[in-house]
Amino acid sequence: MERNNRSTNDLQKGLKNRHVQMIALGGAIGTGLFYGSASSIGLAGPAIPLAYLVGGLMIFFIMRALGELSVDTPNSGSISYYAYKNLGDFFGFFSGWNYWFNYVAVTMAELTVVGIYVQYWFPEVPTWLTAFGFLILITCINLLSVKLFGEFEFYFALIKVVAIIGMIILGLLIIFTGIGNNGVPTGFSNLFNEGGYLPNGMIGILLSLVPVMFSFGGVELVGITAGEVETPKKTIPKAINQVVYRILIFYVGSMIVITSIFPWNQIDGESSPFVQILDGVGIPAAAGILNLVVLTAAVSAHNSSLYSNGRMLHSLAKQGNAPKFLQRTGKKTGAPVPAILLSSGVAGIAVIINFLMPEKVFSYVMATATVAGIINWSMIIIIHLAFRKRIGKEAASKLSFKLPLYPISNYVVLLFLAAVIVIIGFMPDYRLALYILPIWVLILLIGYILKKK
């Protein structure tokens, strides 16, 4: 009966706490960890866990700021809605479309590596063909009801969480007992043998912050789920606190294991570092299983990203900041069908790029996603400052889920994100994103002017 009374433009509230937990983990544990970590290890060497700790602390503050906003006013428009409410019409328009652009780039990155993982077993299959196949599959999953989507994502994410834990345990056994390494424990000598713990100095750690921050992209999906959660004021705080420390354990723990088992300068990036080290120490069966897991991880992150893109376009349409047809939802599923199809179609550009220049596509889309993500995170912090100013000290004292160390934490995060943008300018493989960014901002300005007219 409830479904019959639902407007054709309304989303369903079908996500439970376990769904939200796994959607957040699914968005954040994907290509950045399983594939992109090869480039971050190559820059920082064995000291890469330090970069993840610093980046993780910044992400914690960003997530707590978003959590404060989401608990106060749950909304699937997330960043766009909060910008619109606290900063005005233009910032709602800008934040929403930039968020969408960010996750289109993330989706393209996930599609790109899917082909690389499949080539582990079938090297003759072109990456663009695999990307196209998974694009269709994930689009179909997203067109289901949000409850079914939540179930799919729950199990997708659960597979990779279990795999990372298993990988860390197996790695510790290799380090301490030598299992799979002819019974010879590897110990921790690889952390210091190849040029020392800081082979590229502090410069290496600073440069590694770029791929590290890309790998954290997706944690803010918690904010997007707020409008479809049954009990947001209870679920969102729990999800945010648990997701942040789980991600830190997974990222820092797995990086310590990888750089202990295998010399950091022999990780080539041609496959997932997780798979390469198991191949390298002579456990090919485990490597094959893990390759299946990292493939699942990429599919999961693509799934979460397309979910968020559909909800963002739906919210923008309801604000009047996107074409009206994008606010329509399926009568039976409640899924924002036109918004999902449009987002998926644009992400399909990755298939074309994979066909034309498969060697460079990942670094290009990763850099673009990182810069757009930094804008998203910066907007969350700025919106939070405006929110606190708007509600005043008395109302702020009654908030149930607050950002720690406000406002110092806000300004520290903004300085850190600005520094990452500057660092990108010193990295040739990522610099293209700094050229794309002003063009994208100009397009948004023109789009807003035309919308007002």
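Residues numbered from 1 in each chain as written. Predicted model: local features only at pLDDT ≥ 70, side-chain atom pairs only at ≥ 80, totals over all residues. Heavy atoms only, no water.

Student: Tell me what's going on with the environment of Asn190, and back it up with residues and numbers.
Tutor: Among the structural elements, Asn190 can be located in helix α10 (residues 190-193). Asn190 sits in the buried class, given a relative accessible area of 12%. Sequence-distant contacts of Asn190, that is, excluding residues within four places in its chain, are made with Pro46, Thr259, Ser260, Ile261, Phe262 and Pro263. Engagement of the side chain of Asn190 in a polar contact is seen with the backbone oxygen of Ser260, the distance being 2.9 Å. (Helix = DSSP H or I, 4+ residues; strand = E, 2+ residues; numbered from the N terminus. Buried < 20%, exposed > 50% of the residue type's maximum accessible area, 1.4 Å probe, protein only. Contact = heavy atoms within 4.5 Å. Polar contact = N/O pair within 3.5 Å; in protein donor to acceptor, adjacent residues only side chain to side chain.)

Student: So what's going on with the confidence of the model for the chain? Which residues, and what values?
Tutor: Residues shown with low pLDDT carry predicted positions that ought not to be read at fine detail. Looking at the chain as a whole, its pLDDT mean stands at 84, while 91% of the residues score no less than 70. Least confident of the elements in the chain is helix α1 (residues 2-5), whose mean pLDDT is 41; most confident is helix α19 (residues 408-424), at 96. The low-confidence segment residues 1-7, where pLDDT is below 50, has 11 contacts with residues more than four positions distant or belonging to other chains. (pLDDT = per-residue confidence, 0-100.)

Student: Account for the packing of helix α6 (residues 78-86) against helix α7 (residues 89-118), with residues named and values stated.
Tutor: Close contact between α6 and α7 brings their axes to 7 Å; oriented N to C, the two are set at 170°. Between α6 and α7, the crossing angle belongs to the class labelled roughly antiparallel. Contact with α6, carried on its side by Ile79, Ser80, Ala83 and Tyr84, involves Asp89, Phe91, Gly92, Ser95, Gly96 and Tyr99 of α7 and no other residues of that element. (Axes fitted to C-alpha atoms, helices over the stretch in contact; angles between N-to-C directions. Parallel < 35°, antiparallel > 145°, perpendicular 65-115°, else oblique.)

Student: Requested: an account of the environment of Ile249, with residues and values cited.
Tutor: Mapped onto the elements, Ile249 comes out in helix α13 (residues 232-261). Separated by 84 residues in the primary sequence, Ile249 and Ile165 have C-alpha atoms spaced 9.5 Å apart. In contact with Ile249, not counting residues within four places along its chain, are Ile168 and Ser254.

Student: Now, about the side chain of Ser305: what can you tell me, with residues and values included?
Tutor: Its location among the elements puts Ser305 in helix α15 (residues 284-319). Residue Ser305 is classed as buried on the basis of its relative accessible area, which comes to 1%. Ignoring anything within four residues of it in the chain, the contact list for Ser305 reads Tyr103, Val106 and Thr107.

Student: If you had to explain the pattern of salt bridges to someone new, which residues and values would you point to?
Tutor: Per the stated rule, a full pass over the model turns up three salt bridges. Of the charged contacts, one joins Glu68 and Arg388 as a salt bridge, the two residues approaching to 2.7 Å between their closest N and O atoms. Taken together, the positions of Glu68 in helix α5 (residues 48-72) and Arg388 in helix α18 (residues 361-396) put the pair 320 residues apart, joining distant regions of the chain. Linking Lys451 and Asp89 is a salt bridge whose minimum nitrogen-to-oxygen distance equals 3.0 Å. Note that Lys451 is positioned in helix α20 (residues 432-452) and Asp89 in helix α7, a separation of 362 residues in sequence. Owing to a relative accessible area of 31%, Lys451 belongs among the partly exposed residues under this scheme. Several salt bridges share partner residues, and in doing so they unite Asp89, Lys451 and Lys452 into one network. (Salt bridge = Lys/Arg side-chain N within 4 Å of Asp/Glu carboxyl O.)

Student: Lay out the packing of aromatic side chains in plain terms, naming residues and giving numbers.
Tutor: Counted by the stated rule, this structure contains 17 aromatic pairs. On the basis of an interplanar angle of 70° and a centroid distance of 5.4 Å, the ring pair of Phe90 and Phe91 is categorised as edge-to-face. Judged by relative accessible area, Phe91 falls into the partly exposed class, the value being 34%. Ring geometry for Phe101 against Trp440: centres 4.3 Å apart, planes inclined by 20°, an arrangement best described as stacked. Within this pair, whereas Phe101 is found in helix α7, its partner Trp440 is found in helix α20, the two being separated by 339 residues in sequence. The exposure class of Phe101 is buried, given its relative accessible area of 18%. Looking at Trp440, the relative accessible area reads 12%, which means it is buried. Among the aromatic side chains, those forming a connected cluster through ring pairs are Phe90, Phe91, Phe93, Phe94 and Tyr448. (Phe/Tyr/Trp six-rings, centres within 6.5 Å; stacked < 30°, edge-to-face > 60°.)

Student: Can you lay out helix α11 (residues 201-216) for me, pointing to particular residues and giving the numbers?
Tutor: Spanning 16 residues, α11 covers 23 Å between terminal C-alpha atoms, matching the ideal 22 Å at 1.5 Å per step. Of all the bends in α11, the greatest, near 35°, is centred on Leu209, and the proline Pro211 appears no more than four residues after it. All buried positions along α11 are accounted for by Gly204, Ile205, Ser208, Leu209, Val210, Pro211, Val212, Met213, Phe214, Ser215 and Phe216. Of the residues one or two after α11, Gly218 is the one with positive phi, at around 120°. (Expected span 1.5 Å × (residues − 1). Bend = angle between axes of the 7 residues up to and from the residue.)

Student: Mind laying out the nonpolar core, listing which residues take part and the relevant values?
Tutor: General note: in soluble globular proteins, nonpolar side chains tend to be found buried as a group. Membership of the largest hydrophobic core comes to 141 residues, with the highest contact counts inside it found for Trp97 and Trp377. By residue number, the principal contributor to this core is α7, which donates 18 residues. Setting aside its immediate chain neighbours within four residues, Trp377 contacts Ile59, Ile62, Met213, Phe216, Gly217, Glu220 and Leu417. (Core = buried A, V, L, I, M, F, W, Y, C linked by side-chain atoms within 4.5 Å.)

Student: Give a description of helix α17 (residues 349-356) that names residues and reports values.
Tutor: Here α17 has its buried residues at Ala350, Val351, Ile353 and Asn354. Seen end-on, α17 carries its buried residues on one side only, within an arc spanning 165°. Facing away from the buried surface of α17 by more than 90 degrees, the exposed residues are Ile352, Phe355 and Leu356. (Arc of directions from axis to C-beta.)

Student: Could you give an account of a nonpolar patch on the surface, with specific residues and numbers?
Tutor: Nonpolar side chains collect at one region of the surface, where Trp128, Leu129, Phe132, Ile136, Ile352, Phe355, Leu356 and Met357 lie side by side and expose about 800 Å² of accessible area between them. Elements supplying a minimum of two residues to the nonpolar patch: α8 (127-142) and α17. No other element matches the four residues that α8 contributes to the nonpolar patch. Along the chain, Ile136 falls in helix α8. (Patch = residues over 30% accessible without salt bridge, like charges linked within 9 Å, V, L, I, M, F, W, Y side chains within 5 Å. Areas by Shrake-Rupley, 256 points an atom, 1.4 Å probe, with all protein chains shown as cover.)

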